[in-house]
Amino acid sequence: MDWRNCAFEIERLLKFALKKELIEEPDVIPSRNALLDLFKIPVPYEGPVPDEVPDTPYEILKNLLDYALKIGLIPEDTQTYRDLMDSRIMGLLMPRQSEVIKKFYAIASKEGIQKATDYFYRLSCDSNYIRMDRISKNIYWQVPTEYGTLEITVNLSKPEKDPREIELARKLKPSGYPKCALCLENVGFSGNLNHPARQNHRVIPVKVAGEQWYFQYSPYVYYNEHCILFYEKHVPMKISEKTFERLFDFLEQFPHYFIGSNADLPIVGGSILAHEHFQGGRHVFPLDRAPVESFYKHPRFPDARAGIVKWPMSVIRLSGRDRSRLVDICSYILYRWKEYDDANADILSRSLKNGETVFHNTITPIARINRRGELEIDLVLRNNRTTEDHPYGIFHPHEDLHHIKKENIGLIEVMGLAILPGRLKYELEEIEKILQGERAFSGDRCGPEDPLYKHKEWIEELVAKYGNKCSEKEAKSIIKQEVGNKFLKVLMDAGVFKRDEKGRSAFDKFMSEIGFEKSGGEGPDD
């Protein structure tokens, strides 16, 4: 590919940008010149360019990246360096932050907030900020269980680091700018080996509960329109009364989305605890569909519906129309749970570590507008205590499940969508071959160097249960169901009140101690 071919691809990219309304006609010449300058091309392509352009920029970007590698703009042919360059390319075609904000709120004013988020989500995809080509590679299936249909995803959208990149990144001194992947300073940031490029990233300012927050989409979209709401300041996550005010205020502004928060403690929290943020989107999760199995009422909050949800984790569902009253009851439950102890259920609210008090109880809250048009919130009770028997956490996936899921159980998993590591694609395919008799397997000969070693006991159980003469279709179906069964156990391990008689009794005891009484119906207006 020579510079003339590169100039031709630039013209194709400009046509793509026009079609997707990243730029307008008056922007074509300056955008062309910026791209020519980037690739050190003296003159633009002057031949015919097909009017038809692809619906995505991936093929065009690949050609441009190959040329960038050839002329040394990309120092090494690794995924990270290519990502840094394609974000730089697309950044030259992006509207300014102020223009995106004006357009978003103009659409919201004239056509409604849903049309505004439609525009912003489409922009985030067309700009390649959300890399839909990679996300489409994720493996997804559903599994029926006694708690409803769970969702399983094997995450292939985050490419593994090349060993060369890991070594270079290790030598790179952290700059501390931006402070984290959520900070406002990511908008337009050029990136480096330790931090993704964000020239094609834009955010929308939103006032929430009288504070300045910013709305964006996750670049990994684990579900439809997976959005993030982050605070203007880099401050740690904290679940408090203010959390509930923010959740309900956001819902009233974005009623077509749900909004929730990871817990604010290690082990039971998310991957970014250092920056206050929420996650939301337009997706109906298995937890949303789960019914209330026990209804309660509270004399202090007679206008609120309350109940325990039939779910493998411990969930209190509240709903009502009075926002301030819902904030009050959520705050009350949070306060009482943070102080709650039940040694018989392994629940201790605090412990001493190196002479300092460590707190263990918190909540994962998830809010939505329900089918009645009411504000509804699920409060998922969490505890992050560890013991010698369970060093990763008493209410964390136990070690017999780590071959499938070892990471924290955050907001998304709590709602019934498993985000499983990409390594499982190969490993599960190999286990399917064993069930079909296409690959021999002996637990005695399977050593630590074998990728299937971590699954050894599970494979032996599967072969004993199903044999090794399954058809390809049967093997795939078995693996999907059995992985789903493992995820269900993951959620049950994370539940503080277990689903057996002892656990149900302990959950009832907690509800009683904080003043709730069982009721026969759903609550007000049932």
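Our structure's up above, just so we're on the same page.
Remember, predicted model here, so these are calculated numbers, not experimental data. Each chain has its residues counted from 1, following the order in which its sequence is written. Under the rules for a predicted model, residues below a pLDDT of 70 receive no local features and side-chain atom pairs below 80 are neither given nor counted, while totals for whole chains, interfaces and linings still include all residues. Hydrogens and water molecules were not included; the side-chain quantities draw on all heavy atoms of the structure.

Undergrad: An account of the overall build of the protein is needed here, citing residue identities and associated values.
TA: Secondary structure elements follow DSSP: runs of H or I of four or more residues count as helices, runs of E of two or more count as strands, with numbering from the N terminus. Counting secondary structure elements, the protein contains 16 helices and 16 strands. For a compact globule the rule gives 2.2 Å times the number of residues to the power 0.38, and the radius of gyration it is set against comes from C-alpha atoms. For a compact globule of 526 residues, the expected C-alpha radius of gyration is about 24 Å, and the protein comes in at 26 Å, within 12% of that figure. Expressed along its principal axes, the backbone C-alpha trace of the protein runs to roughly 75 × 65 × 50 Å. Here the protein, with 526 residues, has 53% of them falling under the buried criterion. We call two residues in contact when some of their heavy atoms are within 4.5 Å. Considering only residue pairs separated by 6 or more positions, the protein has 67% of its internal contacts joining residues 24 or more positions apart. For every accessible area listed, the method is Shrake-Rupley and the probe measures 1.4 Å; residues are considered covered only by the protein chains on display. Within the structure as shown, the protein displays about 24300 Å² of accessible surface, and the carbon and sulfur contribution to it stands at 49%. Three labels apply to residues, based on accessible area from a 1.4 Å probe with only protein chains included: buried if under 20% of the type maximum, exposed if over 50%, partly exposed otherwise in between.

Undergrad: Can you break down the pairing of strand β10 (residues 315-320) residue by residue, with the values?
TA: The two faces of a sheet get side chains in turn, since along a regular strand they alternate between them. β10 sits mainly inside the fold: six of its six residues count as buried. The alternating pattern of β10 places V315, R317 and S319 and I316, L318 and G320 on opposite faces, both of which are buried. Here four bridges tie strand β9 (residues 305-309) to β10, and the two strands are oriented antiparallel to one another. Each bridged residue has a counterpart across the sheet, and for G307 the counterpart in β10 is R317. Criterion used throughout: strands pair if DSSP finds at least two bridges between them. Where β9 folds back onto β10 in an antiparallel hairpin, the turn is made up of five residues.

Undergrad: Explain the pattern of salt bridges residue by residue, including any values.
TA: Within this document, salt bridges are pairs made up of a side-chain nitrogen of Lys or Arg and a carboxyl oxygen of Asp or Glu, the two lying within 4 Å of each other. Counted under the stated rule, the structure contains 43 salt bridges. Across the salt bridge formed by E11 and R32, the nearest N and O atoms sit 2.7 Å from each other. In this pair, E11 is assigned in helix α1 (residues 3-19) and R32 in helix α2 (residues 28-38), connecting sequence segments 21 residues apart. Across this residue pair, the class does not change: E11 and R32 are buried. Two residues, K20 and D55, come together in a salt bridge whose shortest N-O distance is 2.6 Å. Highlighted residues: K20 in the loop between α1 and α2 and D55 in the loop between α2 and α3 (58-70), separated in sequence by 35 residues.

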